[in-house]
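# Tertiary structure, described
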Amino acid sequence: MYITILVVIEIAVFIWLVRLGHSYYVLPLEERPFHELHRQLKPSGDIGHGLGIVGTLMILIGVFGYMTRKRWRALQRWGRLKYWLEFHIFLCTLGPMLVLFHTAFKFGGIVSISFWSMVTVVLSGVFGRYVYVRIPQTVEGRALDWSEIEEIKRTVEQRLKGANELSDEQKQTIWQIWNAPTSLWKKKRQIKRIARKSVDRGSPLYDWLIEQTELMHKLSSDKERINLYKRLFKYWHVFHLPFAIIMLLIMLIHVGVSLALGFYWIFD
Ligand code: HEM
Ligand code: HEM
C-alpha cells in the first residue's frame with residue numbers, strides 16, 4: 001500500500017513540474033530569456049536552483065541513509081533493510097527527477113558527465129533491483145547458501161503440515177503452488193482463494209500463508225538460477241557504484257563552481 005503512495009507522490013510531482021514549466025522547457029535556448037518564468041525556472045533561478053538543491057539532498061539522504069543502515073549494527077532496530085532499500089529507491093528516483101528539471105533540459109559543460117552518470121545509475125538501479133529481489137537473503141541482506149535455503153524450506157513444510165485448520169488436500173495443493181514456476185501475483189491469488197475456505201482473513205495463519213508465499217516464491221528457483229542472479233548482482237555493482245561516485249564527485253565540483261560564481265540561491 002505505502003509503495004502505491006510513494007509512486008503516486010512521484011507521478012504527482014512530475015505532473016506538477018511539467019504543468020508549471022512545459023511552455024518554458026520546450027522553447028529554444030535563445031528564446032527562453034523572454035519567457036515570463038525564465039527568472040524562476042532557469043538552473044540558477046529561484047525554482048530551478050531550488051530543485052537542484054532539494055533533488056541533490058534527496059539523493060544524498062537516499063544513498064548515505066541506506067549505506068549507513070546496512071553497515072551500522074546499532075541501526076538494525078530501525079526498520080528492516082528491505083524498507084530502507086525502498087526508501088533508497090524512492091529518494092533516488094524523485095531526486096534525479098528534480099535534478100532533471102533543475103537542468104532545464106540543457107546538458108552542457110562538465111556537469112553533464114554528472115547528469116549522464118546519474119541517468120546510468122538510475123537505469124542500472126532498476127535492473128539491479130530486479131535481480132536483487134530474486135536472491136534469497138536474510139533480513140539483513142546476506143545471500144543465503146543452498147543448504148540454508150533447503151533448511152528453511154523444510155521448516156516451512158513442517159509448519160504447514162502442522163496447520164490443523166487446513167485439510168491434507170489443501171496442504172498438498174498449497175505446497176505445489178508454492179513450488180510452481182508461476183508468478184508471485186498468481187500464487188498469492190491462488191493461496192488466498194484456498195486459505196479463505198478454511199481460515200479467517202487476517203488471522204495469524206492467513207497472514208503466515210501469504211508471507212510464506214512471498215518467501216517460497218524466492219526459494220522456489222533452482223540452484224543454477226539463484227547462482228546466476230548472484231553472479232549478475234556482483235557484476236551489476238560495477239555499474240551502479242562507480243557511476244554513483246563519478247556523479248557525486250562531479251556534482252561537488254559543480255556546486256563549488258556555482259558558489260564561486262556567486263550563485264547563492266535565495267541567500268543572495
Ligand atoms: C547531481 C546533481 C546536479 C546536476 C546533474 C546538475 C546539473 C546541472 C546542469 C546540466 C546545469 C546547466 C548547465 C548549462 O547551463 O548548460 C546546471 C546549472 C546550474 N546548477 Fe546544477 N546540477 C546539480 C546539482 C546542483 C546543486 C546541488 C546546485 C547548488 C547548490 C546547483 C547549482 C547550479 C547552478 C547555480 C546552475 C546555473 C549555472 C549557470 O547558469 O552558469 N546544481 N546544473
Ligand atoms: C542517483 C541515483 C542513485 C544513486 C546515487 C545510488 C547509489 C547507490 C549506492 C552507492 C549503493 C551501494 C550501497 C551499498 O553498497 O551499501 C546502491 C545500492 C543499491 N541501489 Fe542505488 N542509487 C541510485 C538509484 C537507485 C535506483 C533508482 C534503484 C532501483 C530502481 C537503485 C537500486 C539499488 C539496489 C538494488 C542496491 C543494492 C543494495 C545492496 O546491495 O544492498 N538505486 N545505490
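Just above, that's the structure.
Since the model is a prediction, treat every value here as computed from it, not as a measurement.

Neighbouring residues of ligand 1: 24 residues in total, closest Pro 43, Gly 52, Gly 108, Ser 258 and Phe 263. A class-by-class count of the residues in the shell around ligand 1 yields 11 nonpolar, 12 polar and 1 charged.

At a minimum axis separation of 11 Å, helix H4 (residues 81-102) and helix H5 (residues 111-132) run at an interaxial angle of 150°. Taken together, H4 and H5 sit at an angle that is classed as roughly antiparallel. Here H4 runs over H5; the crossing is left-handed. Note on element contacts: H5 touches H4 through Met 118, Val 122, Gly 125 and Arg 129, opposite Ile 89, Cys 92, Thr 93, Pro 96 and Val 99. Broken down by class, the residue content of the contact of H4 with H5 amounts to 6 nonpolar, 2 polar and 1 charged.

We now examine the packing of helix H1 (residues 2-25) against H4. The N-to-C vectors of H1 and H4 enclose an angle of 5°; their axes lie 11 Å apart at closest approach. One element, H1, and the other, H4, form an angle in the roughly parallel class. Note on element contacts: H4 touches H1 through Glu 86, Phe 90, Thr 93, Leu 94, Met 97 and Phe 101, opposite Ile 3, Leu 6, Glu 10, Val 13, Phe 14, Leu 17 and Gly 21. Among the residues making up the contact of H1 with H4, the classes are represented as 9 nonpolar, 2 polar and 2 charged.

Right, let's talk about the site of ligand 2 for a bit. Taken together, 24 residues lie near ligand 2, and Cys 92, Gly 125, Gly 128, Tyr 132 and Ala 244 sit nearest. Those elements that place two or more of their residues in the shell around ligand 2 are helix H3 (46-71), H4, H5 and helix H10 (223-260). A per-element tally of the shell around ligand 2 places H5 first, with 8 residues.

Attention now moves to the nonpolar core. Formed by 18 residues in total, the largest nonpolar core has its most connected members in Met 58, Leu 91, Leu 98, Met 118, Val 121 and Met 247. Of all the secondary structure elements, the ones that give two or more residues to this core are H3, H4, H5 and H10. When residues no more than four places from it in sequence are discounted, the contact partners of Met 247 are Ser 114, Ser 117, Met 118 and Val 121. Ile 174, Ile 177, Trp 178 and Leu 209 belong to the second largest nonpolar core, which has 8 residues in total.

Moving on to the environment of His 88. Tracing the sequence through the fold places His 88 in helix H4. Look at His 88 and you get buried, because 22 C-beta atoms sit within 10 Å. Separated by 25 residues in the primary sequence, His 88 and Val 63 place their C-alpha atoms 6.2 Å from one another. Excluding its chain neighbours within four sequence positions, the residues that come into contact with His 88 are Gly 62, Val 63 and Tyr 66.

Now for H3. When the terminal C-alpha atoms of H3 are compared, their 37 Å separation across 26 residues agrees well with the 38 Å that a helix rising 1.5 Å per residue should span. Within the sequence span of H3, burial applies to Gly 48, His 49, Leu 51, Gly 52, Gly 55, Thr 56, Met 58, Ile 59, Gly 62 and Arg 69. In this fold, the buried residues of H3 make contact with helix H2 (38-41), H4 and H10.

Basis of the calculations
- Residues numbered from 1 in each chain as written.
- Chains lettered and ligands numbered in written order.
- Predicted model: local features only at pLDDT ≥ 70, side-chain atom pairs only at ≥ 80, totals over all residues.
- Near = placed C-beta within 6 Å.
- Nonpolar A, V, L, I, M, F, W, Y, C, P; charged D, E, K, R; others polar.
- Axes fitted to C-alpha atoms, helices over the stretch in contact; angles between N-to-C directions.
- Helix = DSSP H or I, 4+ residues; strand = E, 2+ residues; numbered from the N terminus.
- Parallel < 35°, antiparallel > 145°, perpendicular 65-115°, else oblique.
- Left-handed = near helix turned anticlockwise from the far one by under 90°.
- Contact = placed C-beta atoms within 7 Å.
- Core = buried A, V, L, I, M, F, W, Y, C linked by C-beta atoms within 7 Å.
- Buried ≥ 20, exposed ≤ 12 C-beta atoms within 10 Å, placed from the backbone.
- Expected span 1.5 Å × (residues − 1).

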